[in-house]
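# Residue-level structure breakdown
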Amino acid sequence: LLLVPLFLAGCGVPEQASLGELIERYSEGDPKAATELVALLGRNIARDERAQVYRTLSEDGAKAEADLRQAANSGDDVQREHALALAAIHKFGWARQAAVKALGDKEFKRKHVGAWVLGELGDTGNIEALVDLLVRQPQGITARETARALVKLGKGSSAPLAARLGEVGGAARGYGLR
């Protein structure tokens with residue numbers, strides 16, 4: 001048994017690249033590195049490592065756009081959350097559609113991120129989707145982020161929200177009145 005690790009080390013089993021090496025390959029334009037970085041968003045890695053991956057992709061996400069788009073529609077809630085947020089930061093053209101899809105996905109538990117994305121994009125065409133979400137989820141972080149997004153979208157959100165305020169309950173009613 002003691003010889004197994006030595007045997008494996010000599011058999012050409014590839015070592016996993018360090019995060020620093022992976023980021024360097026990404027910065028050099030390696031598409032495989034982009035895929036690996038985006039995959040790390042959904043993995044159970046140390047908080048500082050996830051922050052480093054997120055920071056790298058937020059500073060230069062264009063090389064990872066295709067991978068982020070795929071991750072924004074994945075079944076992994078953590079990876080999807082980060083991919084949606086990065087899509088909003090970079091204002092990718094598909095970000096709105098992915099966020100609206102996330103809001104309607106019953107399996108996706110982090111709907112507050114979809115609301116945040118719609119607010120960040122600044123498109124007033126998102127107001128109805130946000131008001132609908134506030135009616136459906138009037139409590140917690142989702143209600144708070146939805147209200148914040150509506151405020152960020154400006155005065156145009158007032159009339160649609162006022163028209164449905166009677167349907168809004170919980171904390172969201174207070175958010176809506178503010």
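Conventions and cut-offs
Residues numbered from 1 in each chain as written. Predicted model: local features only at pLDDT ≥ 70, side-chain atom pairs only at ≥ 80, totals over all residues. Heavy atoms only, no water. Helix = DSSP H or I, 4+ residues; strand = E, 2+ residues; numbered from the N terminus. Buried < 20%, exposed > 50% of the residue type's maximum accessible area, 1.4 Å probe, protein only. Arc of directions from axis to C-beta. Core = buried A, V, L, I, M, F, W, Y, C linked by side-chain atoms within 4.5 Å. Contact = heavy atoms within 4.5 Å. Lys, Arg positive; Asp, Glu negative; His and termini not counted. Salt bridge = Lys/Arg side-chain N within 4 Å of Asp/Glu carboxyl O. Phe/Tyr/Trp six-rings, centres within 6.5 Å; stacked < 30°, edge-to-face > 60°. Lys NZ or Arg CZ within 6 Å of the ring centre and 35° of its normal. pLDDT = per-residue confidence, 0-100.

Further remarks concern the environment of A163. Here A163 is to be found in helix α11 (residues 158-164). The class for A163 is exposed, based on a relative accessible area of 66%. A sequence separation of 32 residues divides A163 from V131, and the C-alpha atoms of the two residues are 9.8 Å apart.

To continue, consider helix α7 (residues 95-104). The complete set of buried residues in α7 reads A95, A98, A99, A102 and L103. Buried positions in α7, seen along its axis, are confined to an arc of 140° and lie on one side of it. More than 90 degrees from the buried face of α7, the exposed residues found are Q97 and G104.

Now for the nonpolar core. Nonpolar side chains in soluble globular proteins generally cluster together in the buried interior. Core analysis: the largest hydrophobic core is formed by 48 residues, its most contacted members being L37, L57, L68 and L84. Not counting residues within four places of it along the chain, the set of residues in contact with L57 comprises Y26, L37, V38, L41, A64, L86 and H90.

Comment: phi is negative for the bulk of residues other than glycine, and the bulk of peptide bonds are trans. The residue K91 is not glycine, and still its phi comes out positive at about 55°. If you trace the backbone, K91 turns up in the loop between α6 (77-90) and α7.

The residue R50 is located in helix α4 (residues 47-59) in this model. Buried R50, no salt bridge; nearest opposite-charge side chain is D76, N-O distance 7.4 Å. Beyond its immediate chain neighbours, meaning those up to four positions away, R50 contacts L40, L41, G42, R43, N44, I45, V78 and H82.

A word on the packing of aromatic side chains. All chains considered together, the criterion is met by 1 aromatic pair. Aromatic pair F92 and W94: ring centres 5.5 Å apart, planes at 20°, arrangement stacked. Judged by relative accessible area, which is 7%, W94 ranks as buried. Here K63 stacks its cationic end above the ring of Y26, 5.1 Å away from the centre of that ring. Note that R80 overlies the ring of F108, its terminal NZ or CZ placed 4.6 Å from the centroid.

Moving on, we get to the confidence of the model for the chain. Averaged over all residues, the pLDDT of the chain equals 86, while 85% of them reach at least 70. Overall, residues 1-15 carries pLDDT values under 50, and its contacts beyond four positions in sequence, including any with other chains, amount to 1 contact.

By the definition in use, this model includes 11 salt bridges. The salt bridge involving D123 is made with R96; its shortest N-O contact spans 3.7 Å. Here D123 is found in the loop between α8 (111-121) and α9 (127-136), whereas its partner R96 is found in helix α7, with 27 residues between them in sequence. Accessibility expressed as a relative area gives 35% for D123, which makes it partly exposed. Residue classification places R96 among the partly exposed positions, given a relative accessible area of 32%. Ionic contacts of the salt-bridge type, sharing partners, join the residues E120, E145, R148 and K152 into one network.

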